[in-house]
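Residue-level structure breakdown
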Amino acid sequence: MKLNILNHVKKRIKFKKFCKECVKLEVFRRNTIILKKTAEIIDVFRTFGNNGAINPSNALTAIIMNAAVVDGTYNNKKMRALFPFLIKAAGGEQEFHMLEVTYLNTAQGLEQLNTYSANLLKIINDRDKELEVDILKLCILIMSTNGKVSRKERKHLIQQFHYLKT
């Protein structure tokens, strides 16, 4: 039991440290990492196969969008900064706009996005724990685009990511 608690504390310390490191990154460096990490995650999603359970592009886009709107509001400035990554993740501009209209225009849509994202992360955790950690890192990078990762954002990640719960 003590070992589990110790591992949990170590994970949380690493988590907070990574959040601080991401905030300090230069914009170009952060964007380069986000693009690379996005491509890597999409490639891993594709190995899951398209059996209807996970659409790789929609899944990653939903998780990114959920990380970007964690405070419950649609921030146009933040979305414009993330637009290139969202287009890449979604597989095209039209696909992204379809998800944007579906999820980001109402409080109900934001709640559905949060639920969808949590369900996806549960599936991902069951199949590939390392992938979940990569997605967590990507979300932190995305949240840090505005120069901080707030307490509310960190709390949201802790609730969503099974890696941080164990």
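Heads up: the structure comes first, above all this text.
Turning our attention to the pattern of salt bridges. All chains considered together, the criterion is met by 4 salt bridges. Residue Lys 36 is joined to Glu 40 by a salt bridge in which the shortest nitrogen-to-oxygen separation is 3.9 Å. Taken together, the positions of Lys 36 and Glu 40, both in helix 2 (residues 27–47) and 4 residues apart, correspond to about one turn of that helix. Accessibility expressed as a relative area gives 32% for Glu 40, which makes it partly exposed. A salt bridge links Asp 134 to Lys 37; the shortest N-O distance between them is 3.6 Å. Of this pair, Asp 134 sits in helix 7 (residues 129–143) while Lys 37 sits in helix 2, placing them 97 residues apart in sequence. Taking the relative accessible area as the measure of exposure, Asp 134 reaches 24% and is therefore partly exposed. By sharing partners, the salt bridges in this structure join Lys 36, Lys 37, Glu 40 and Asp 134 into a single network.

Grouped together as the largest cluster of nonpolar side chains are 45 residues, with contacts concentrated most on Phe 45, Ile 135 and Leu 157. Of all the secondary-structure elements, those providing two or more residues to this core are helix 1 (2–24), helix 2, helix 3 (56–68), helix 4 (76–90), helix 5 (93–103), helix 6 (107–127), helix 7 and helix 8 (151–160). Take this core: its biggest share by element is 9 residues, from helix 7. Residues contacting Leu 157, with those up to four places away along its chain left out, are Phe 15, Leu 136, Cys 139, Ile 140, Met 143 and Leu 164.

Attention shifts here to the packing of helix 2 against helix 7. Across the interface, helix 2 lies against helix 7 with an axial gap of 10 Å and an inter-helix angle of 150°. In terms of orientation, helix 2 and helix 7 fall into the roughly antiparallel class. Taken as a pair, helix 2 and helix 7 cross one another with a handedness that is left-handed. Only Leu 131, Asp 134, Ile 135, Leu 138, Leu 141 and Ile 142 of helix 7 make contact with helix 2, whose side of the interface consists of Arg 30, Ile 33, Ile 34, Lys 37, Thr 38, Ile 41, Val 44 and Phe 45. Of the residues in the contact of helix 2 with helix 7, the class split is 10 nonpolar, 1 polar and 3 charged.

Side chains of Lys 16, Lys 20, Lys 24 and Arg 151 sit close together on the surface and give a patch of like positive charge. Examining the composition of the positive patch, we find that 3 residues originate from one element, helix 1, more than from any other. Relative to the elements of secondary structure, Lys 20 occurs in helix 1.

Bringing the layout of surface pockets into the picture now. Considering only enclosed or pocket space, the second largest pocket measures out at about 180 Å³ in volume. As for the second largest pocket, its lining consists of Lys 11, Lys 14, Phe 15, Lys 17, Phe 18, Glu 21, Val 133, Leu 136, Lys 137, Ile 140, Tyr 163 and Leu 164. Going through the elements one at a time, helix 1 and helix 7 are the ones with two or more residues in the lining of the second largest pocket. No other element matches the 6 residues that helix 1 contributes to the lining of the second largest pocket. Here the residues of the lining of the second largest pocket are counted per class, giving 7 nonpolar, no polar and 5 charged.

Once that is clear, we can look at helix 5. Of all the positions in helix 5, only Phe 96, Leu 99, Glu 100 and Tyr 103 are classed as buried. The arc enclosing the buried residues of helix 5, seen along the axis, measures out at 105°, which places them on a common side. Away from its buried face, by an angle of more than 90 degrees, helix 5 presents the exposed residues Gln 94 and Val 101.

Examined against the element boundaries, His 97 turns out to sit in helix 5. A relative accessible area of 32% places His 97 in the partly exposed class. As a C-alpha pair, His 97 and Leu 86 span 11 residues in sequence and 9.7 Å in three-dimensional space.

Criteria and cut-off values
Residues numbered from 1 in each chain as written. Predicted model: local features only at pLDDT ≥ 70, side-chain atom pairs only at ≥ 80, totals over all residues. Heavy atoms only, no water. Salt bridge = Lys/Arg side-chain N within 4 Å of Asp/Glu carboxyl O. Helix = DSSP H or I, 4+ residues; strand = E, 2+ residues; numbered from the N terminus. Buried < 20%, exposed > 50% of the residue type's maximum accessible area, 1.4 Å probe, protein only. Core = buried A, V, L, I, M, F, W, Y, C linked by side-chain atoms within 4.5 Å. Contact = heavy atoms within 4.5 Å. Axes fitted to C-alpha atoms, helices over the stretch in contact; angles between N-to-C directions. Parallel < 35°, antiparallel > 145°, perpendicular 65-115°, else oblique. Left-handed = near helix turned anticlockwise from the far one by under 90°. Nonpolar A, V, L, I, M, F, W, Y, C, P; charged D, E, K, R; others polar. Patch = residues over 30% accessible without salt bridge, like charges linked within 9 Å, V, L, I, M, F, W, Y side chains within 5 Å. Areas by Shrake-Rupley, 256 points an atom, 1.4 Å probe, with all protein chains shown as cover. Lys, Arg positive; Asp, Glu negative; His and termini not counted. Charge placed at Lys NZ, Arg CZ, Asp CG, Glu CD. 1 Å grid on protein atoms, 1.4 Å probe; cavity = no way out; pocket = protein on both sides within 12 Å on 5 of 7 lines; lining within 4 Å. Points joined across faces, edges and corners; volume = space filled by probe spheres on them. Arc of directions from axis to C-beta.

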